[in-house]
Every structure is written in structure tokens, then in C-alpha cells.
There are 2 protein chains.
Amino acid sequence: MAQNDLLIRAARREATERTPVWMMRQAGRFLPEYRAVRAQHSFLEMCYTPELAAEVTLQPVDLIGVDAAIIFSDILVVFPGMGLDLEFQSGKGPVIGNPVRSAADVAKLGVADPIESTGYVMETHRLLRRELEGRVPLIGFAGAPFTLASYAIEGGSSKEFQRCKAFMWNEPEAWAALMMKFTQTVTAYLCAQIDAGAQVLQLFDSWVGAVAPRDYERSVLPYTKQVLDEVKAYGDAKVEGGVPLIHFANGATSMLDLVQRAGGDVIGLDWRLDMAHAVEQIDPRFAIQGNIDPTALFASEEVIDAKVGEILTAVGTRPGHIFNLGHGISKDTDPARAKHFIASVKEQSARIRGGAQQ
Amino acid sequence: MAQNDLLIRAARREATERTPVWMMRQAGRFLPEYRAVRAQHSFLEMCYTPELAAEVTLQPVDLIGVDAAIIFSDILVVFPGMGLDLEFQSGKGPVIGNPVRSAADVAKLGVADPIESTGYVMETHRLLRRELEGRVPLIGFAGAPFTLASYAIEGGSSKEFQRCKAFMWNEPEAWAALMMKFTQTVTAYLCAQIDAGAQVLQLFDSWVGAVAPRDYERSVLPYTKQVLDEVKAYGDAKVEGGVPLIHFANGATSMLDLVQRAGGDVIGLDWRLDMAHAVEQIDPRFAIQGNIDPTALFASEEVIDAKVGEILTAVGTRPGHIFNLGHGISKDTDPARAKHFIASVKEQSARIRGGAQQ
């Protein structure tokens, strides 16, 4: 099979014959084939075992026809290497046994060595690059400092982030020290993924939409920017043409000016902003990823086609568009609809961009 | 005590000597005095009993010093009059016993008569107007058609609104019929509140932030606009100077162009948009309500003061600002911090607007 490097070229804002497409959380519960593996292993066991992680990473490539593989893992796997106890409790999600509640707690944390603490992630990358044989590019990823800090402080998932924000506001020095430890950990972790073969990297700031713009600017942006700048420089030095970075700040479509200042090569969008407005707001030096409502995959095929068409039309022939859902695919999605969605993007975008469908 | 009509004047974009301030969900669980009443009665019993509803409505006026009373009630009280079974289960929130899942279900629903089905809300208004004696204005409210439809279809609260959106996309005629029933119900309900003495009305579109802009434009906006237009005309005919309408579309700060097209006199903002940008984006014919992060009340008094100051400075002397949280006050908020926040808005805004603090 010919090498499909559409995603890398789109991320670099090179002309592509059609729009590449993948889905956040594509290696996940909506696939019966994933659930079959998951039934035999715990979630963390799957993350920690390269063969299992690689197996489910490949499923959507083989079954759904996406244009990229994103490594199966979790943003929180960097925690144990920093001294944060991590477990996943069924029905509750991640639980941090020793949450960060004081400057003393911050002082106890270390910067994780990516090889020592997450060598299995690097091994999964190497395994996948061999197994993919260039069929599609491999995306590595990490959580952004704010999102990681929110889990560390709240001790797990949160709705209002009261402890996290109170810490940010009331203990600015301890907050800065904590954010810097995450910044260094995440930077090293992403650079190690480049060494291990990641061809594109996505930084997930999954919860940053809870932060008001001025707080983001003061207490979050400098750290996100440092991660993106340093990883960018590392990729430029290591890989011909560099390693494109996708910056997905979920829920942050009303502060895209700041998200762009934080950087990245590709700005990832949730579905709350119309693509026509996004194209106006996002500087042409960035590629754009997004942004269909993931729930649209519960609509009829005709509705899916229409929604895909609206987004593609809004982007037009602007170079640098990666199609994606505006959020992770829902576990209740019918795989046939997901497959239809992928095919619809390929077919319609080929018509607009004048290329072959592949 | 002198009449405090700051909120009404600000909503009409008249000059005020300082910025009026109130808090969404101010009659609620953060107050020990509220919890004392609630301990004796179920939530719906409190809604259904004018004396109890009036008692907790007045608490934040007396205890915290807000510039408006908002009637204690729930957006879902219109459901029984339409034929939707409503109960509140502890720990689970609202549960609709007969959710809407088909065109046939929609056909069974009626338009609620506001006097017959929610006469107790009107009685609460009359009671409060007498008890308030003009100390502060009385705000009535209703849920917007989309938010009500989401509860009716999902059967309760939801995170992803899969059933609701699938219904909207896959059954457009039944969706239109359902939205029209909510439109007529809500319009009559708000007009009846005007008759009963409401001096300002707020329309809560609490969940509309889950809807992509093009879906909002096609399938939501026309109904919201009809409610706002018709209630506006009714208020203009009934009350000297009209009854100001606050339109709060939660989570919709990246589609404010459409929210403004739907109408209202005051655009309510959550905290995800910087006020400096809001002032640029919102047409001068609208007043603005908002928009401090409600979690900021967990910060120190100094931080609260600084955040209040930033928002007031961004608004400057533009006429028509009502200060509020960007979302309902958290139940865990210390009442002393809430009180400090209110005092801070009063004091700082009087300095900017050149008036007396009152």
C-alpha cells in the first residue's frame, strides 16, 4: 500500500489532494474489537503493555479507514514517574492517591524521566512504526500542564475545579513550581516520543476551557508555550522538516487569540465555533484541526454528509486542514456511522481539493 | 429604605451611579439559611409553596446585599402543565417519567396554561412584590425552548445530549413541533409573570452551549427569538418603559453573533470570554450581564477585588452593565466571600461610574 502522509503534509500547510481525517479517541470503546481486548485487561494494563496498546491503536486504521494512528495511552501515565499515585477505578475514572494540596506537596514531586518511567510508551511507538510500515502517520500525545495539574490537585476528574483554581489564585508560587514540573515532564516526554518514532504530536489541554481568559494568559499560557516551543525546536533538530504539533485546547474557542499565542503548528478546535469564523480568527501560519460535533455521528448518513460538507466548504482550499471530531468519539457510536463519516470526508474533500480519494 | 432600581436602569442602558450586581442561584444551597428551610421541605415543595419560595428568595437580599431578587423556582415547573411527569430524585436531579422519544410523544404534549398549571409562581411574584416594597427589583425567569426540550427528550440531565440532538437532526418536523410547544408555553409563562409583577425577566438557555453554531442557527434560534420578541412586545404594552429581558445562553460565547440575533435587552455572559472582547462583540444596543468565574469566590479577598476590577475596567463607563457570576454560585461558597464580592463590585464601580455606593 502506498504511503499516506496526508496528515503530515496538511499539518505543514502543504497542498493535499484531499483532507486527511482521524477521530479523537478512535482507539476506544466504540469499537467491539477494542472492547474484546479490554474485557481481558485493565485499562492501565493496556497502556503499560506495548503489544496490547499497539493492537488497539491499529484497529481504527484497519477497520474505519482513518488517516492516522494515535497511540493508545492516557495523559496521566506520566504521574507515577513524578511521584503521583495513579489508579483507575471502574465507574470513577482516574484517582490520584496523594493529591497536591500545598507547596510542600509540590516540593515532593519530581520531573519524570520519560525512559525510566514511561519506556513502555516509547516501545509502543517503535512497535507501531514497524507494524504500520508507513500506511498512515503515527501521532503521539501528552496532556498539557494545566490539565495535568488539575488532576493532580483535584485528585481525579472534576466539574468546577475549585481546588485547582483556588490553588492557582491563592498560592501563586507553589502553582508556578507545580506548572514548571509538569512543563519539564511533558517536554521530556514528548521529545522522547519523537526519538521513539512519533511523526506528529498532539498536546491535549482537555480542561482548560474551565479557565477564564485572563487566568489562562497569566497562569497557564506561559507553560503551554514553553512545552510547545521546546518540543518544536527538538523536532526541528531531529527530524527533516520537523515534527508537527497539534495544540488542542478543549472548550477554549472564545479565547483563540491566546491559544494561538501559546503556539503549535495546528490549532485543534472543538465544535462550538463555526468553521467560517475559525478560518477568520486563526492566523494563516497555523493549520486547523476539526471540528464536527461528535454527536453528529448519531445522525443519519445524509445529515452527516451535510455537516461534513458545511465544514469543508467553510475551509475551502485553505491549505492545512485536518478533519476531526470536536471531541472524543462517544462510546455509543455505531462503527458503521463512523466509517461513513470518514468516507464522506475523503470523498467530499477530494472533490473540493481536486485530488483522488485514495 | 430608598428604592433601588439600578438593575432596571442598567438593563435599559441608562446611566447608573454604580454597577448593579446579583448572583445566579443566589437563593440557594450556599446559604445556611436556605439549607435550614430545605431541610424541612422537598425541592419541589419549596417551588410549589409561595411562602417558602418567597422566604428563600429574600434571603440573599437581606443577608448578602444583592441588587435584585430572583424568584426561587425551577425552569422545569412548566412540565406538568404540558403533560410531562416531573420529579426530583435526590442525588440524580430532575427525572422525566415519560420522556419524548417520537413524533407521537410530541403530539401528546399540550401548551401549558400558566395560571392553571403554575399559578403558585404567579402568587410567589405577588407576595414578593409586597414584601420587597421596592427595595430591589424582582426578576422572574424561564428556561429557553432548547434547554427544556433537552430535558424532555433525555428524560433528565445529560452530558452529551445524544438523544436530543439525534431527534433534532433525524426528526426535523417532530423537533419543530416540540420546540413550538415549548415556545408557546414559555411565552405565556413569562407574560403571566409580567402580569404578576416581575420587573425583569431572564431566559436561561443553560445547555445550548452543547449545540454547534449552525445547528443553533437552524434549529434553536428561531424559537428563542420568537419567545423574546413576543414577551418583549407584551411587556412594552403592559409596563411603562417595558420589561427588560436578560438572555443567558450558557456556554455560547463563541457564537455571540447568533445569540444577539435571537435577541433580548441584556446579553448574559459566562466567564469564558474576556469582558474586553465582549464589549467589542456585543452591539451597543444591548446591555451586558456578567461575567466573573463563580469559582473566583474561592479565592482570597484580594484576588476577588482584582478580578472584579479587571471586569469593571474592561466595561469602563459603557452604559448597561449588570455584574454577575458567569454561572450559578457554587453550593460550597463561603457566604462571607460572596458578601465581600458584592461589596467589592459596589465600591469599585461607584469609583468608576462616579456615583455613591448606596
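(A) Summary view of the pairing of strand 5 (residues 200-205) of chain B. All names here are of chain B. For strand 5, a buried count of six out of six residues is recorded, marking the element as mostly surrounded by other parts of the structure. The two faces of strand 5 match: Val200, Gln202 and Phe204 on one face and Leu201, Leu203 and Asp205 on the other face are all buried. Sheet topology places strand 4 (residues 138-143) next to strand 5; five bridges connect them, and they run parallel. Of the residues in strand 5, the one forming a bridge with alanine 142 is leucine 203. Looking at chain direction, strand 5 and strand 6 (residues 245-249) are connected through five bridges and run parallel.

(B) A look at helix 10 (residues 172-196) of chain A. For helix 10 of chain A, built from 25 residues, the straight-helix expectation of 36 Å at 1.5 Å per residue is met to within 8% by its first-to-last C-alpha distance of 36 Å. Looking at the residues trailing helix 10 of chain A, positive phi occurs at glycine 197 of chain A, about 120°.

(C) Looking closely at unusual backbone geometry. All names here are of chain A. The step from glycine 290 to asparagine 291 runs through a cis peptide bond, and the omega angle for that step is -5°. Here asparagine 291 is to be found in the loop between strand 8 (287-289) and helix 15 (301-315). One non-glycine residue, arginine 25, lies in the positive phi region at around 65°. Considering the arrangement of structural elements, one finds arginine 25 in the loop between helix 1 (6-11) and helix 2 (32-38). Taking relative accessible area as the criterion, arginine 25 reaches 48% and is therefore assigned partly exposed.

(D) Local environment of the relation of the copies chain B and chain A. Take chain B, turn it by 180°, move it 0.0 Å along the axis, and it overlays chain A with an RMSD of 0.0 Å. Viewed as a symmetry operation, the transformation between the two copies matches a two-fold axis. Across chain B, the rotation axis passes nearest the C-alpha of serine 254 of chain B, at a separation of 2.5 Å. The overlap is high: 100% of the interface residues of chain B also sit at the interface in chain A, so the same surface is used on both sides.

(E) Representation of the interface of chain B and chain A in the model. Of the residues lining the interface, 37 residues belong to chain B; the matching set on chain A comes to 37 residues. For the pair chain B and chain A, the two sides together bury roughly 3,000 Å², of which 43% comes from carbon and sulfur. Of all residues in chain B, the largest losses of buried area upon contact with chain A belong to Trp169, Arg214 and Ser254 of chain B, amounting jointly to 20% of the total for that side. Applying the counting criterion to the chain B and chain A interface returns eight salt bridges. Between aspartate 293 of chain A and lysine 165 of chain B there is a salt bridge, and its shortest N-O distance comes to 2.7 Å. Here chain B and chain A share 26 residue pairs in polar contact (both at pLDDT 80 or more) between them. Of all the secondary-structure elements, those providing two or more residues to the side of chain B that touches chain A are helix 9 (162-170), helix 11 (213-219), helix 14 (275-281) and helix 15 (301-315) of chain B. Per-element tally for the side of chain B that touches chain A: the top contributor is helix 9 of chain B, with five residues.

(F) Fine view of the environment of glutamine 289 of chain A. All names here are of chain A. Position of glutamine 289 relative to the elements: it lies in strand 8. With relative accessibility at 1%, the residue glutamine 289 sits in the buried group. Sequence separation between glutamine 289 and alanine 188 is 101 residues; the distance between their C-alpha atoms is 25 Å. With sequence-adjacent residues up to four places away left out, glutamine 289 is seen in contact with Trp22, Gln202, Ile246, Val266, Ile267, Gly268, Leu269, Ile322 and Asn324. In this structure the side chain of glutamine 289 is engaged in a polar contact, spanning 3.1 Å, whose partner is the side chain of tryptophan 22. At a separation of 3.1 Å, a polar atom in the side chain of glutamine 289 contacts the side chain of glutamine 202.

(G) View of the sheet that holds strand 9 (residues 321-322) of chain B. Sheet architecture is open: seven strands sit in the order 1-4-5-6-7-8-9 (chain B), paired in parallel fashion. The outermost strands of the open sheet, each flanked by one partner alone, are strand 1 (69-70) and strand 9 of chain B.

(H) How the structure looks around the nonpolar core. Judged by nonpolar contacts, the single largest core of 265 residues is most densely connected at Met23, Phe79 and Phe341 of chain A together with Met23, Phe79 and Phe341 of chain B. Excluding residues within four positions of it along the chain, phenylalanine 341 of chain A makes contact with Val21, Met23, Ile292, Leu297, Ile304, Val308, Phe323 and Leu325 of chain A.

(I) Main features of the sheet that holds strand 8 of chain A. Residues and elements named next belong to chain A. Read from one edge of the open sheet, seven strands run 1-4-5-6-7-8-9, paired in parallel fashion. In the strand order of this sheet, the two ends are held by strand 1 (69-70) and strand 9 (321-322), each with one partner. Strand contacts of helix 7 (residues 114-132): strand 1 and strand 4 (138-143), with the helix running at about 155° to strand 4, the strand carrying the most contacts.

(J) Geometry of the packing of aromatic side chains. Residue and element names in this part refer to chain A. What the rule picks out here adds up to 21 aromatic pairs over all chains. With a centroid separation of 4.8 Å and 55° between ring planes, the pair formed by phenylalanine 43 and phenylalanine 88 is classed as tilted. Here phenylalanine 43 is found in helix 3 (residues 43-48), whereas its partner phenylalanine 88 is found in strand 2 (residues 86-89), with 45 residues between them in sequence. On the accessibility criterion, phenylalanine 43 (17% relative accessible area) is buried. The class of phenylalanine 88 is partly exposed, set by a relative accessible area of 25%. Ring plane angle 65° and centroid distance 5.7 Å describe the contact between phenylalanine 323 and phenylalanine 341, whose orientation is recorded as edge-to-face. Taken together, the residues span a long stretch of sequence, with phenylalanine 323 in the loop between strand 9 and helix 16 (335-353) and phenylalanine 341 in helix 16 at a distance of 18 residues. An aromatic cluster of at least three residues, connected via ring pairs, comprises Tyr34, Phe43, Phe72 and Phe88. Here the guanidinium or amino end of arginine 272 rests over the ring plane of tryptophan 271, the centre of that ring lying 4.2 Å away.

(K) Representation of the pattern of salt bridges in the model. In the structure shown here, the tally under the stated rule is 40 salt bridges over all chains. For aspartate 270 of chain A, the salt bridge goes to arginine 272 of chain A, with nearest N and O atoms at 3.7 Å. On the accessibility criterion, aspartate 270 of chain A (0% relative accessible area) is buried. Glutamate 17 of chain B serves as the salt-bridge partner of arginine 9 of chain B, at 3.2 Å between the closest nitrogen and oxygen. It is possible to trace a salt-bridge network through shared partners that takes in Asp215 and Arg218 of chain A together with Lys307 and Glu310 of chain B.

Reading guide: rules and limits
- Residues numbered from 1 in each chain as written.
- Chains lettered and ligands numbered in written order.
- Predicted model: local features only at pLDDT ≥ 70, side-chain atom pairs only at ≥ 80, totals over all residues.
- Heavy atoms only, no water.
- Buried < 20%, exposed > 50% of the residue type's maximum accessible area, 1.4 Å probe, protein only.
- Helix = DSSP H or I, 4+ residues; strand = E, 2+ residues; numbered from the N terminus.
- Pairing = 2+ DSSP bridges.
- Expected span 1.5 Å × (residues − 1).
- Least-squares fit on C-alpha atoms with pLDDT ≥ 70 in both.
- Contact = heavy atoms within 4.5 Å.
- Buried area = accessible area lost by both parts, 1.4 Å probe.
- Salt bridge = Lys/Arg side-chain N within 4 Å of Asp/Glu carboxyl O.
- Polar contact = N/O pair within 3.5 Å; in protein donor to acceptor, adjacent residues only side chain to side chain.
- Core = buried A, V, L, I, M, F, W, Y, C linked by side-chain atoms within 4.5 Å.
- Axes fitted to C-alpha atoms, helices over the stretch in contact; angles between N-to-C directions.
- Phe/Tyr/Trp six-rings, centres within 6.5 Å; stacked < 30°, edge-to-face > 60°.
- Lys NZ or Arg CZ within 6 Å of the ring centre and 35° of its normal.

Functional significance is not addressed by these values, which are geometric in nature.
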